[in-house]
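Each chain, letter by letter, is given below.
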Amino acid sequence: MDKLRAGAAGKRPGKTKGHVTPFDMIPLGQKSGEVSKSKLLAAASKPEPSSSAAFLGRKSQQTPPITQAKPDETAIECKPTELYDSIVAEGEENDKTDKLLCGALKQLHNHRAKPNQHVVLTLMVLAKQQPHIFSTDSVTAALCSLLKRDPSISFKAKGNAIVPVLACNMLYWAHADEENWPPQFVEIYLDDSLGERIWVDRPDCKPFVDNILTAFNTKLTPKNPTMLESLSYNVSGGGASSSPTHNPFHHTSSASDLGDDTSVSFSLALSTVTVSRRYNFQLDSVEQMVMDKLQEHMAKRQHMEVVSKQFLKLLTTASGYCSVRLLFVAKLEIWLQNPKLMRVAQDLLLSLCLNCSGLNPNDKDVIVALFKIRVKNKQIVSHYLACIRELLEADESNLRIAMTHTIYNELSASRNQNNMPILSIMFQQDPDRASQFLADIFLDLLMSKEDYLSSLRGLLREIVRTLRHDFTFHSFCVSLMGDYSTRPSFHRLELVVKERVLLAVTDLVAVCELLTISPAVREASASSMSWSDRRKDIAVMQTFWTQIAKIQRDAVNWLFESFILMLPNVESQNFIQCLYKLVMMAQSEHYSKVDNWPAEADRPAMLRLASETPVLEETIIHILMMGMESEYPLKASDALDVMELMVNRAAALNSNNYPALVIENLDLVKLLLAVPVYYHPDNIILPAGYKPPHLAILSMYWKSWLLMLIIAAFNPVTFAKHIWKLYPTLEMMMEMVMTNVYSFPPVTSGDAFERMNAQERQIIELEKHEILEFEGHLAAATSKVPITESNSLLLSELISMNAMGPARRMPPKVIEDLKSLNSSLHLGHMLSKSRNPDFLLEVIQKQGTTKAMPWLSELVESSEGSLDVLPIQCLCEFLLTSSDDSKADEQKGKPAQKIARYDRLLHRLQTIIQQTNDSDGEAAAVAVIKYFFERLHSPSAMTRNLAIKAMRAMFVDAVTQQAMDIDINTQVDEFEWLLINIAELKLFPVIATVIQESLHEALSVEMKIEVITAYITYLLESQLYRKEPSETMLVLSEVLCSRSSLRKQLFANKEICKLLLTAYSNFMEDAVTRTVAYEWRDKSSSVMVQWHSGQVVILHLRIVHAMMEVLSIKNLAEFSSGTSLLEHWFPAGCNLPVGCHPSNSELTDLFTDELRKKMLQSNNERLLTAAVSDVKLEQLLVFFQLFGLPVSSVNAILHLIDEHCKADSQAVKNCVEPQRQYLSQLLRTQRLRGAEGGDSLAAVLEIGASQPMDTKEVKHEKSRKSGAGVRTLSMLESRPVEMMGSDTDTFVQAKLCKEECTKEGLVIAQRTLASDPSLATKLSQSLLVALSSSNEAALLSCLSAFASHTAAVLRLLAANIQDLPQPTRQLFEALSSLPDLPAVIVNTVRSVCSQLTPSSDPLSSSECEFNQQMIKLCLSNERKKAVDICMQQALLIQNGGSSPVFLGLLIDWLELLDPEITNLSSDLQDKLLFGKSVGETENSQAKVCLAGPAYLRSLLTHHTRWSTIRQTIHRLLSEEQCLSNWCPASVLDFLVVCIGHPRLYQGREQKKPRKGQVEDVLCLSPEETQNVARLVCLEATQAAGGGSATAIPDAARVSLLLKCCVEESSLKSLVEHLEYVATRSVPDSVCCRRLLILLYAQQPKLIHWLGDTTIFYKDVSLALQGPCALDPEVHSALTTLSNVKAGKKYILSSSDANLVCRRLASHHPLLFLRHVSTLSSLLSGRVLFTYGEFVHQHYLNLHTNVLGLIELLQPHIYLHQDFPAIIDAYFTVIKVHGEENDDTLAALFIKFATILCNFFSSLPDMCVRSIIKYKDLLSVLQNNPKYNKNPSLKALATASYMPQAKESVSTTDMTSSFILPPPPENLTFTNEQLKTTLRKLGKDSPTDDTVSALEDLDATSKKVIEVLSRCLDDFKHLILSLNQQVRDSSYKLIKRYVRHNPRVAGDFLTPVVACLDHENADVSNTALSHVADLALVMSEGDRKALLDKAFTIAALRNSSHVMKSIQEIIKVVSTNVFSSQS
């Protein structure tokens, strides 16, 4: 090849060689010779396949070419210049034409290197004009021969492409119209492709080549480099093209240059070229031809890696055939790595990928082989991945195959490094389908036998990481969670595998949820900015939330629909765990236990992000449905808990732009209300006809309401709008969170407050009755126990289920939860912001705008910045609450933020009022004004005042807008806002009616006269009044007539009087002159008034009365309008007006009696005349008796009475007879005043006309005139008045302690105190004396009987409240402490006490002097002296030498002088802080604790340095001080506080390790610790009243002692000290012994430090009380022992548990006695089985083990109260199974009988009482041949018939010092029986005898283990034997016996240690192998010594046997079964 290139370069040296692309044709030289005609024509003479002959375009061409004559034989040659004419002359259909053409082509063939110009041009013209003449077989064959290489031409010669190009184009145009082309074209194409590629790559041959390429069916896109040339012609799918429109060739060369191929080019008119499929019916033959050609070419190659580029290009073209693709795909990897072939191989790879289809079975192998290609070159890898992308785009079916192969390869050992990039391309190409296929592959792997979960988790994470979290997690999870029941592979799986698959799927879905947390999500969540400032971050978080919410929705749906179908018998725990894991509620270790991902550092953050996500409504609906349906293993309570957590997490999302909790389905309400419904057990049948009540579980019931509230708050439009009115409870809760008031009834209840309370009480009572009745029926069907409130279980757990019924009172816990939810989630704000519906407006309207709403102000404050969103009512309410203190805040320097908020709100409301351009603005303004004016008639005065102040600020001049600058307290222009400013508003005409109506109502409740004056002024000056005054006048008249006190104040104001008179005068004028009468609301109260002039007016009766009231004012003549009104009503010289009913003209009295009285009291004669006109005699007499009448009125009355007397004196006499005396004196009195007339009345009264009065009466009359006295009836009486004397003690005893005289006495006391207040002190002293005497009850009873009179006397006693005498103070203080006094007296006493000023302290002067003394000492720097003085005074007070009032001042000075309390004067301060108080000194039973020392002790612990505290502790506990001087409780409490001082633990790890070292805080010495114990005993002795025999130390003090003894040496020293004291005859011995027992219970190890443990058994009951360190261990072991079940597993577990129990019972029997009750319960109800079941279920084992424990607890168990129950249990076993022939059962009976015999030996009477009821059973057993030889049974049978004696020792005697003797030794085997065996075990015995004896003992001890107790000493030397068998047997027997009796395990410590130290390694190794088993049953000290020695020996040796021993030792040391406490 290089030579050829060199030759070419030599021939053309002037032309440089450029870069040769794969598409350029390299010319190799000129043609050197000619080819013979025969060879030329033979190349085109191959016959066509027969299949193509029938589809040729012309009939003349149907014969195969092989039948035609050869072209060179038939060719006719002619001159080139004559060629055209000859062919034209012959015509088209002529054989000669073919021969002429063949001749011309022959010339071209012979001179192809330099063809003749004329021939070429002629053929070109003919091809244009007559292309069909070239389609004959002979011409076609000749043209084909031109396209074949001539072998005669030298290979090195340069070929000329003109002839082949001409031939290609002529062949194309000759056959362009034919649908089927001959296969020779394909053949010549193949030849040229494999050869020099002279014409196949030329652009001017492209039309011909492209049509040939359709035979290969190869997809070639512009992405293929072979098609990079631009296509400038139309490509059609089939059919012939239209005829050409212009010359198909374009000649651009000259004749002289025709020989050079570069000077001539033939360009097609490409717009007319047609490419169509020419070989549709020859595909098989063409494919075979191609394969033959390729295989032939490949056969010539020895090494396939050495191929030509032409070959690869041909493969690229022919890759449309699957067989071709299979042919070369395996070699593609080699070609890609060849640098020379790399470019072409890349094209081949692309073509291969474009033409593969997964639907073709063979192509699957191609794709698999394609993915096996491994390339490393970066450029090739890039191209390879691009080709993979094209492969995936080429056919959709390719994706699954590619995915499957890639995943399996990634999981294999020989993984391809391009797998991840390939997967990345797959997911980029089609994410959803790729996710589905990946899920299917994962499922297939999960269903295999091996567990791929860990690998798949890692692979999934790697895929997500590669895709940079651009993974469709939702599609993947949905595909993963399918219904596998349709998969046959899943059906064939075992149940265990199915469960594993589903759990693995759950785990993968959970992993997907965690993988959704991308780095962008983490960064967004970790940002500190608000969501509003992070739009990019919120978009990221929203995408994340949406994705994870959808995954959880579909996951829960999968559990709901498919999980149970696939695994119907799933365990509840697994199902719940799956649910928890899917909704991110499981523990963190559940997510990482497979492969420890997420990492521990990232785990909390990732789980938090994954859990704090939104929730979709389908999710919670399905969870609730699963909880309600029985086929799901999920309880309703668990489902509700899951929903609660999910809803709370979603609600807590801190994003305002994302709907985290969208609920639209109202069925959720029904589900939430159905979940808490209570259903009774199905197996209980209720009585017929009884219908159980509809009840709900209380906790779930309220939880459902809370969840509904949260959902409603987040969905006000779609959810809350439809349900809040349906459910009153929900409505109440919504109101509570909006108002932030959580009381019941709610604040919005209003007038229904009491009704709701009463209704709630009724519901509770009915509910209680229904629940008790219901539970009674349930109990009747089960336990038969009567149900009451005391023993009811359901009463506190259930509630009536009436969701649509009345709102119920929430429990306190629910209220707290509601507050917490509202505080964290702001539910109230969310509901308040809703405007459709407007919940807040509904609440405001429901409460009523006249009531105060302080909660609204809080709402506005919390919603600052959103004033436009809140309702108008909120803003108005906030302004109300703010207006009261806004100015005060500004003056006091409050934060400007609060004032600015007020200004902003005020400006907002002013803007609303002024901007009324549209209807909405006007409505808002009206709402604002209406709100404030409605508050003016609120019942609360404060609310009314706030409304006035708010409107005064709001209706200020709109120009200034300075509401805060107005002094609202000034009286000038105080109501300018009402009288002036409000009328200037644009909308005043609209709101005038509202204002008028509000002021009308305000007049009826307002109390301030200035406010009422302003209201009346506004009303009477308003335009509405002028238009229609009737309504205003009626309201004003109501006020004047009904409010007398207010009326007096109004009439005192001349301006108001003038205004009222003017108004009424004008009203009367208008009423008279108007043509249409006024319409009144209450027509029944209207009256028609008619005057003498004939004028008639219909008026309201109230207006008439009001006018009379106004006319009755004084100085009426001063007002012109008053005169006018008076003239109108009562014209001078005219008759009075007459009133009648408008409907029936019935006469009506215009003036009531009360009104007439007021008219009589005026000085107006016309009113006087009107008042007394038409008055009957009886009424005149009543008027005469009135007080305060002017003389003129009295004269008129007397005149009228005289007229009546003259008319009918007898009638007058009859009327005055009952009051004759009174009227007589009254008449005299009136005459003294100057009254005239009454002579006729005097005659009737039978007194003289001018009879004088008494002197006393005159004095009284003068006193009345001077105003000094009170005008009462008693002053007019002539009898003397009784007064209280100075002897108040006698007065109290005589008048106030006797019920019949009490009222009179109280009246006398009132009269006396009113006239002489100086007697108040004496009366107070007398009352105090009576209250402290025996007459207290009588006095209180009498005073309570006349409470109102008593209250009056008390008020007179406290008249001078500012200077109240001391006795009176003491009296009121005494009364305030008395119970059960009437309310009137209590209120009076409280009122006086609240106003009392503190009494002057007699020590106040001393305090001042003391303070001055202290200040002087401080200034002179004598603090210590000052402290000493304070201490001495405080100690004096503490010892009772002074009043304790002064103590507070001393304490304050001590705190100031010595902040460390004990720093300056430690001795005195210690006495004060910890010394005994006076109460403790004089009487030890009285605990007098002063607050001062306690306060100082608190300061000492919190304000003092730790060094000072330590010094104080050492002083208190030192031997130099006498502990008896201290208060034990104070010192001990001080130590407790010091140990738990919070400052000691600041900055430390709060969570201490379970077995961490306890810190010694106090660092006490042993002597100080002993003193602490002494203080504990002293405290217990004092608590017991001074008797040490009954003193029991407090358990809390025991804990204090243990904290003081952190070091073991300190504890040991304390124990030895306590034991020493307990064994001596000293006062504290009993208390020390009990303290030692309590210490032993909490630290059992101290038993090993005692010399005599029998002291514990003197107080056995004390060990049974309080905490114990062994309780958890014993309880755990007994629980394991009682968990009886069949199988070997129980044998193993019970063996370990039994060993634990026996060990503890042996070493700590006293503490094990605490669990005898548990042993009794273990045996209860475990006998009533068949014997086979009894044995198979291991109940026999249980009884055997328990009996062994009882044996160890002898004799102390005899006194336990539950021991008789244990005896009964074993007798039951004997009774049920006694006849069974079983040796194990027989051994159990014998051992039981032995224990009972021991019981009888110790306590015979108690034993007889326990077994007497089984005497018949014992007799039967005695007669049984199996037991009749047993002496124990005989003894028991005999004892059961003994007479019962009086109980000698009861179970209560365990509290005494009663000690039982130990049980007698069981002599099963005697020394004689064991003599031979013991001899064989001797030291000098032969080895064989020893082995024989050990074997005998082994067999015997299995049945009777006690036999080993006689051989223990022999075993100690046998384990040192050199014989391995002897040692092993000895250890075996030793272990068996010590497991039976762990007490003797310690005896073998020394022999075993000797074995370990033995010089013989075998002996030592044998001991090592048995050390672990022996150590388990030893005590703690022995075990530690043995294990330390064994570990030391084992560590020095290195053998497998020794290593095994070390492992066993470590196992013993690290085991948790045996606590170190034991």
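Residues numbered from 1 in each chain as written. Predicted model: local features only at pLDDT ≥ 70, side-chain atom pairs only at ≥ 80, totals over all residues. Heavy atoms only, no water.

Draft legend 1. A look at the overall build of the protein chain. Within the protein chain, the secondary structure is distributed over 102 helices and 8 strands. For the protein chain, the residues scored as buried account for 50% of the 2022 residues in total. Long-range pairs, those at least 24 residues apart, make up 73% of the contacts in the protein chain between residues at least 6 apart in sequence. Accessible area of the protein chain: about 94800 Å², with a carbon and sulfur share of 52%. (Helix = DSSP H or I, 4+ residues; strand = E, 2+ residues; numbered from the N terminus. Buried < 20%, exposed > 50% of the residue type's maximum accessible area, 1.4 Å probe, protein only. Contact = heavy atoms within 4.5 Å. Areas by Shrake-Rupley, 256 points an atom, 1.4 Å probe, with all protein chains shown as cover.)

Draft legend 2. Summary view of the packing of aromatic side chains. Taken as a whole, this structure holds 31 aromatic pairs when the rule is applied. Measuring from ring centre to ring centre gives 5.0 Å for phenylalanine 427 and phenylalanine 471, while their planes differ by 50°; the resulting arrangement is tilted. You can see phenylalanine 427 sitting in helix H19 (residues 419-429) and its partner phenylalanine 471 sitting in the loop between helix H21 (453-466) and helix H22 (473-480), a full 44 residues away along the chain. When sorted by exposure, phenylalanine 427 lands in the same class as phenylalanine 471, which is buried. With a centroid separation of 4.2 Å and 10° between ring planes, the pair formed by phenylalanine 1771 and tyrosine 1814 is classed as stacked. With a gap of 43 residues between them, phenylalanine 1771 in helix H90 (residues 1763-1777) and tyrosine 1814 in the loop between helix H92 (1804-1811) and helix H93 (1815-1823) connect regions that are remote in the sequence. Here phenylalanine 1771 and tyrosine 1814 have matching classes, each one buried. Three or more aromatic residues joined by ring pairs form one cluster here, namely Tyr172, Trp173, Trp181, Phe185, Tyr189, Trp199, Phe208, Phe216 and Tyr321. The ring of phenylalanine 1948 carries the charged tip of lysine 1916 above its face, separated from the ring centre by 5.9 Å. (Phe/Tyr/Trp six-rings, centres within 6.5 Å; stacked < 30°, edge-to-face > 60°. Lys NZ or Arg CZ within 6 Å of the ring centre and 35° of its normal.)

Draft legend 3. Region of interest: helix H87 (residues 1716-1723). Within the sequence span of H87, burial applies to Val1716, Leu1719, Ser1720, Leu1722 and Leu1723. Along the axis of H87, the buried positions cluster into a sector of 160°, meaning they face one direction only. Looking at the buried residues of H87, the elements they touch are helix H84 (1671-1682), helix H86 (1709-1712), helix H89 (1739-1752) and H90. Backbone geometry just downstream of H87 places glycine 1725 in the positive-phi region, at approximately 70°. (Arc of directions from axis to C-beta.)

Draft legend 4. Quick look at the pattern of salt bridges. All told, the structure shown has 37 salt bridges when counted by the stated rule. In this structure, the salt-bridge partner of arginine 400 is aspartate 440, at a minimum N-O distance of 3.4 Å. Remark: aspartate 440 occurs in helix H20 (residues 431-446) and arginine 400 occurs in helix H18 (residues 398-411); sequence separation between them is 40 residues. Shared partners join several salt bridges into a network, and the residues in it are Arg457, Arg461, Asp507, Lys581 and Asp595. (Salt bridge = Lys/Arg side-chain N within 4 Å of Asp/Glu carboxyl O.)

Draft legend 5. Layout of the nonpolar core. By size, the foremost hydrophobic cluster in this structure holds 253 residues, and its most contacted members are Phe134, Trp199, Phe208 and Trp335. Ranked by residues supplied to this core, first place goes to helix H26 (residues 535-566) with 14 residues. Within the second largest apolar cluster, 120 residues are counted, among which are Ile1056, Val1087, Phe1151 and Phe1184. (Core = buried A, V, L, I, M, F, W, Y, C linked by side-chain atoms within 4.5 Å.)

Draft legend 6. Region of interest: the pairing of strand E6 (residues 1096-1100). Inspection of the sheet shows strand E5 (residues 1086-1090) paired to E6 by 5 bridges, in the antiparallel sense. Among the inter-strand pairings, methionine 1088 is bridged to a residue of E6, identified as isoleucine 1098. Counting the residues between successive antiparallel strands, the hairpin from E5 to E6 contains 5 residues, one of them, glycine 1094, with a positive phi of roughly 95°. (Pairing = 2+ DSSP bridges.)

Draft legend 7. Structural detail: the sheet that holds E6. One open sheet holds the 4 strands; their spatial order is E6-E5-E7-E8, and the pairing between them is antiparallel. In the strand order of this sheet, the two ends are held by E6 and strand E8 (1147-1148), each with one partner. Note: strand E7 (residues 1138-1140) against E8, 2 bridges, orientation antiparallel. Its bridge partner lying in E8, glycine 1139 is registered against threonine 1148.

Draft legend 8. Spatial organisation of unusual backbone geometry. Here phenylalanine 744 and proline 745 are connected by a cis peptide whose omega angle stands at -5°. You can see proline 745 is positioned in the loop between helix H35 (728-739) and helix H36 (753-780). Across the junction of glutamine 1754 and proline 1755, the peptide omega takes the value 0°, indicating a cis bond. Position of proline 1755 relative to the elements: it lies in the loop between H89 and H90. With phi around 55°, asparagine 217 is a residue other than glycine that occupies positive phi space. Note that asparagine 217 resides in the loop between helix H10 (206-213) and helix H11 (283-299).

Draft legend 9. Just the packing of helix H57 (residues 1177-1184) against helix H58 (residues 1191-1207), in detail. Following both chains from N to C, one finds H57 and H58 inclined at 150°, their axes separated by 10 Å at the closest point. As for the relative orientation of H57 and H58, their crossing is left-handed in sense. From H57, Leu1177, Leu1180, Leu1181, Phe1183 and Phe1184 reach across to H58, where they touch Val1194, Ile1197, Leu1198, Leu1200, Ile1201 and His1204. Of the residues in the contact of H57 with H58, the class split is 10 nonpolar, 1 polar and no charged. (Axes fitted to C-alpha atoms, helices over the stretch in contact; angles between N-to-C directions. Left-handed = near helix turned anticlockwise from the far one by under 90°. Nonpolar A, V, L, I, M, F, W, Y, C, P; charged D, E, K, R; others polar.)

Draft legend 10. A look at the environment of glutamine 1924. Residue placement: glutamine 1924 occurs in helix H98 (residues 1924-1940). Separated by 39 residues in sequence, glutamine 1924 and valine 1963 have C-alpha atoms that sit 7.9 Å apart.

Draft legend 11. Structural context of the side chain of threonine 1966. Relative to the helices and strands, threonine 1966 resides in helix H100 (residues 1961-1976). Polar contacts involving the side chain of threonine 1966 include one to the main-chain carbonyl oxygen of aspartate 1962, which spans 2.8 Å. Excluding anything up to four places from it in sequence, threonine 1966 contacts Gln1924, Arg1927, Asp1928 and Tyr1931. (Polar contact = N/O pair within 3.5 Å; in protein donor to acceptor, adjacent residues only side chain to side chain.)

Draft legend 12. Geometry of the environment of valine 1392. With respect to the helices and strands, valine 1392 occurs in helix H70 (residues 1383-1395). As a C-alpha pair, valine 1392 and arginine 1369 span 23 residues in sequence and 9.3 Å in three-dimensional space.

Draft legend 13. Expanded view of helix H32 (residues 667-674). Among the residues of H32, Leu668, Val669, Leu671, Leu672 and Leu673 are the ones counted as buried. The inward-facing, buried residues of H32 contact helix H30 (617-628), helix H31 (636-651), helix H33 (698-714) and helix H34 (716-723).

Draft legend 14. Examining the state of the cysteines more closely. Taken as a whole, this structure holds 0 disulfides when the rule is applied. The thiol of cysteine 1297 is unpaired, and the distance to the nearest cysteine sulfur, on cysteine 1342, comes to 6.6 Å. Residue classification places cysteine 1297 among the buried positions, given a relative accessible area of 13%. (Disulfide = S-S within 2.5 Å.)

Draft legend 15. Summary view of the pairing of E5. Among the 5 residues in E5, 4 count as buried, and that is most of the element. Judged from the 3 bridges that link them, E5 and E7 form a sheet pairing that is antiparallel. Opposite glutamine 1090, over in E7, you have valine 1138 as the bridge partner.

Draft legend 16. Here's a closer look at the side chain of glutamate 767. Residue position: glutamate 767 is located in helix H36. Residues contacting glutamate 767, with those up to four places away along its chain left out, are Leu798, Ile799, Ser800 and Arg808.

Draft legend 17. Seen up close, the confidence of the model for the protein chain. Mean pLDDT for the protein chain: 75, with 77% of residues reaching 70 or above. Here helix H63 (residues 1273-1276) stands out as the least confident element of the protein chain, with mean pLDDT 33; strand E3 (residues 695-697) is the most confident, with 91. Low confidence marks residues 957-972, where pLDDT is under 50. Its contacts with residues over four positions away, or in another chain, come to 19 contacts. In this model, residues 2016-2022 is a region of pLDDT below 50 whose contacts with residues beyond four sequence positions or in other chains number 22 contacts. (pLDDT = per-residue confidence, 0-100.)

Draft legend 18. Geometry of the packing of helix H78 (residues 1528-1539) against helix H80 (residues 1595-1604). Where H78 meets H80, the closest approach of the two axes is 11 Å, and the angle between their N-to-C directions is 55°. By the angle between their axes, H78 is oblique relative to H80. For H78 against H80, the interelement crossing comes out left-handed. In this structure, H78 contributes Ala1529, Leu1532, Asp1533, Leu1535, Val1536 and Ile1539 to the contact, and H80 contributes Arg1597, Leu1600, Lys1603 and Cys1604. (Parallel < 35°, antiparallel > 145°, perpendicular 65-115°, else oblique.)

Draft legend 19. Quick look at the environment of leucine 1125. Structurally, leucine 1125 can be placed in helix H54 (residues 1120-1129). As a C-alpha pair, leucine 1125 and asparagine 1066 span 59 residues in sequence and 8.6 Å in three-dimensional space. Each residue touching leucine 1125, except ones within four places of it in the same chain, is listed here: Leu1061, Tyr1064, Ser1065, Met1068, Met1107 and Leu1111.

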